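The residues making up each chain are set out below.
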Amino acid sequence: MDFQTRVTRYTCKGTMERRTPLDPLRNAILQQVRAAFNQGKVPTSHTPPSDEALFVKDSPIRTVHADVTGMMIGGIRGLFLQMLHPAALQGVLDYSNFREDAEGRFHRTAQFISVTTFGHRERAQEVIDRVNQIHTKITGTLPDGTPYSATDPRTLAWVHIAEASSFLEGYLRHARPDMPRAQQDEYYAQMAVIGRALHADPVPTNVAEANTILREFRQELTTSKEAREIAQFVLAIRPRGFPAALQQAIGAEAVLLLPPFARSMLGLSRPGLAAFPARATTWGLGKTLRWAMRQG
């Protein structure tokens, strides 16, 4: 069950049976996207979104998570932010083979988002339970001697808010800048369902709460050589089946969307004139993908 198949089947809203002369081009684009989300391989099986998912069709969380460009940019931005929390960073350093299997990690994250957003509610609960079980095994000590655990509700809260705010920021910038505030609030409320299931606390249920939590976490964030190295490593990743120029543009946009304090802590520079071609590239990518998926 691949991430992009779920997104495509959801967003087409029953129109995939219509045939047009442009269908071969649409299909070629979709095949390339599916390969990019599956470590260079086009999946052979397809599972459509469930009518018994945690969230109903056309709800904000499903709309935001169906926008591939915004999610790719938001995913990188969210990872950058997560690495600024000492416990979240140490867990990656101690337990993750991120450097050896970066594509695999991104793929598994995409699958989790896909299943919890579009999959049957029982399947969604299964993957949530699996992640919770994995978290119980991630414990250790920070460089200053402070113990850490991946089950800590506050650490989980930072991981959650970093992802939720980044996915929404990516969507607002690249798909729908005029998304009504009420729908943005609902997005956070729906994401809170997943955050609470993962035992994160606090989790925001609207934009105002999200902004407050982000401000409150500032004093807990730290810069480090390891965080800066991971940021540079992420920007250098070239996934199989995905054009290098597009990946560079997506990385540049993710950096641009970071808060200034985060860019400074990670040793990243705000893109200057290079931001304009990157913006044009990602805008064009988003427009093409939404056309291929019949998202309007």
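Figured I'd write up the structure that's included with this text. (Residues numbered from 1 in each chain as written. Predicted model: local features only at pLDDT ≥ 70, side-chain atom pairs only at ≥ 80, totals over all residues. Heavy atoms only, no water.)

Here we come to helix 9 (residues 181–197). Under the 1.5 Å per step criterion, the end-to-end length of helix 9 is 25 Å for 17 residues, consistent within 8% with the ideal 24 Å. For helix 9, the full list of buried residues reads Q184, Y187, Y188, Q190, M191, A192, I194 and G195. Here the buried face of helix 9 lies against helix 3 (60–65), helix 6 (102–118), helix 8 (153–174) and helix 10 (207–217). Downstream of helix 9 by a residue or two, H199 has a phi angle that is positive, lying close to 70°. (Helix = DSSP H or I, 4+ residues; strand = E, 2+ residues; numbered from the N terminus. Expected span 1.5 Å × (residues − 1). Buried < 20%, exposed > 50% of the residue type's maximum accessible area, 1.4 Å probe, protein only. Contact = heavy atoms within 4.5 Å.)

With respect to the helices and strands, T155 occurs in helix 8. For T155, a relative accessible area of 8% puts it in the buried group. If sequence neighbours within four positions are ignored, T155 has contacts with H85, A87 and A88.

Core analysis: the largest hydrophobic core is formed by 61 residues, its most contacted members being F80, Y187 and L266. Excluding its chain neighbours within four sequence positions, the residues that come into contact with L266 are F80, L84, A227, R228, A231 and L258. In this structure, A87, I138, L142 and A150 belong to the second largest nonpolar core, which totals five residues. (Core = buried A, V, L, I, M, F, W, Y, C linked by side-chain atoms within 4.5 Å.)

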